[in-house]
Amino acid sequence: MFFQKLALLLTCIIVPSNAQKTPPELCATGVHAILIRGQGPGDHLNVMVSMQNLVLQLIPGSSSVALPYHHGGPDHRVVAADGALLMQQYIRDYVASCPQSKIFLMGYSLGGIVMMDGLCGTSSLWLDPVSAIEPQYNRSVIAAAAYGEETFIPGLEWNAGTCLDGIGVYPRLHPEWCDAYAASIRDYCDEGDSSCCMKYPPFDDGAHFTYIFRYNIDLLHFVQRRLVETPLP
Ligand SMILES: *[C@@H]1O[C@H](CO)[C@@H](O)[C@H](O)[C@H]1NC(C)=O
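Residues numbered from 1 in each chain as written. Predicted model: local features only at pLDDT ≥ 70, side-chain atom pairs only at ≥ 80, totals over all residues. Heavy atoms only, no water.

**Here's the deal with the pattern of salt bridges**
A full pass over the atoms with the stated rule returns 9 salt bridges. Taking the shortest distance from any N to any O, the salt bridge between Arg172 and Asp117 comes out at 2.6 Å. One end of the pair, Arg172, is in the loop between β5 (159-160) and β6 (185-188); the other, Asp117, is in helix α4 (residues 110-120), and 55 residues separate them in sequence. Overlapping salt bridges bring together Asp165, Glu191 and Lys199 as one network. (Salt bridge = Lys/Arg side-chain N within 4 Å of Asp/Glu carboxyl O. Helix = DSSP H or I, 4+ residues; strand = E, 2+ residues; numbered from the N terminus.)

This is how it looks when you write it as structure tokens:
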């Protein structure tokens, strides 16, 4: 009985995390989510569990993995670059195993830099440079969302949220390097978030912590719409 429960428990833990090399029977027929949390110690999923639950419950045939990058590391610039390379490897390995599956990337704050730089390449001053992933992965990556990420600049087609005239701490100088992925990107940034929507004089940073409550459902709908409008890779 104990071992049955243990086996059940292990199954529950293993199912939402089909990392990298994946046997064909576990390839997502819904979407495969790669979730990239923000800076800080502790488990890899953190508050991203809220989006994982929505995706697994409401998009049948989905799977997910939390990117195990070094989010607790002391130098966030090193961590961002390493994380971007790791995400690229996760995408390449997953597509090699599951060429017919669609991928949803999502990063929060530092994880948003990881996600955006991994796709587009780094083009911010003061961040360690990473080259963009190959553009042909735009057939597999059908959605790529960020919450409160520090390379935000106003006026881009993929911007979402209420920030209209602030700017990220590490503004992205070459957003056109993201062009292959433009249709998939959704970069949420709210007024009152001094990481992505910095202004002078500086203000309270409260909005940096409310995205999961304000936008998870909106983001879920975006992913559902992209699943319908994109062909199989
Ligand atoms: C992928 O990117 C190329 C250009 O880099 C573009 O022509 C094509 O439409 C993109 N495909 C998708 C599915 O977004």
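Now that the structure has been shown, the text picks up again.
**Re the nonpolar core**
Membership of the largest hydrophobic core comes to 36 residues, with the highest contact counts inside it found for Ile34, Met87, Ile91, Leu105, Met115 and Leu119. Every element with two or more residues in this core is listed here: β1 (32-36), α3 (76-97), β3 (103-108), α4 and β4 (141-147). Among all residues touching Leu105, those that are not within four sequence positions of it are Ile34, Met87, Ile91, Met115, Leu119, Val141, Ala143, Ala144 and Ala145. In this structure, Val31, Leu45, Val55 and Ile142 belong to the second largest nonpolar core, which totals 32 residues. (Core = buried A, V, L, I, M, F, W, Y, C linked by side-chain atoms within 4.5 Å. Buried < 20%, exposed > 50% of the residue type's maximum accessible area, 1.4 Å probe, protein only. Contact = heavy atoms within 4.5 Å.)

**Focus: the environment of Trp126**
Turning to its location among the elements, Trp126 is positioned in the loop between α4 and β4. Classification of Trp126 by relative accessible area gives exposed; the value is 58%. Considering only alpha carbons, one finds Trp126 and Arg77, 49 residues apart in sequence, at a separation of 7.9 Å. Discounting residues that sit within four places of it in the chain, Trp126 has contacts with Arg77, Val169 and Tyr170.

**Focus on the pairing of β4**
Along any regular strand the residues' side chains alternate between the sheet's two faces. Burial analysis of β4 places 7 of its 7 residues in the buried class, which makes it a mostly covered element. Considered for its hand, the β-α-β crossover made up of β3, α4 and β4 is right-handed. Where β4 lies against β6, 4 bridges are found, and the strand directions are parallel. Counted as the bridge partner of Tyr147 is Tyr188 from β6. (Right-handed = clockwise from strand over helix to strand, strands pointing away. Pairing = 2+ DSSP bridges.)

**Topic: the state of the cysteines**
Scanning the entire structure with this criterion turns up 4 disulfides. Two residues, Cys120 and Cys178, share a disulfide whose sulfurs are 2.2 Å apart. Classification of the bridge connecting Cys120 and Cys178 rests on its S-S torsion, roughly 110°, and on that basis the disulfide is right-handed. Of this pair, Cys120 sits in helix α4 while Cys178 is found in the loop between β5 and β6, placing the two residues 58 residues apart along the sequence. Across the pair, Cys178 and Cys120 agree in class, each one buried. The residue that forms a disulfide with Cys163 is Cys197, at a sulfur-sulfur distance of 2.1 Å. The sign of the S-S torsion, about 85°, decides the handedness of the disulfide formed by Cys163 and Cys197: right-handed. Here Cys163 is found in the loop between β5 and β6, whereas its partner Cys197 is found in the loop between β6 and α5 (211-229), with 34 residues between them in sequence. With relative accessibility at 5%, the residue Cys163 sits in the buried group. (Disulfide = S-S within 2.5 Å.)

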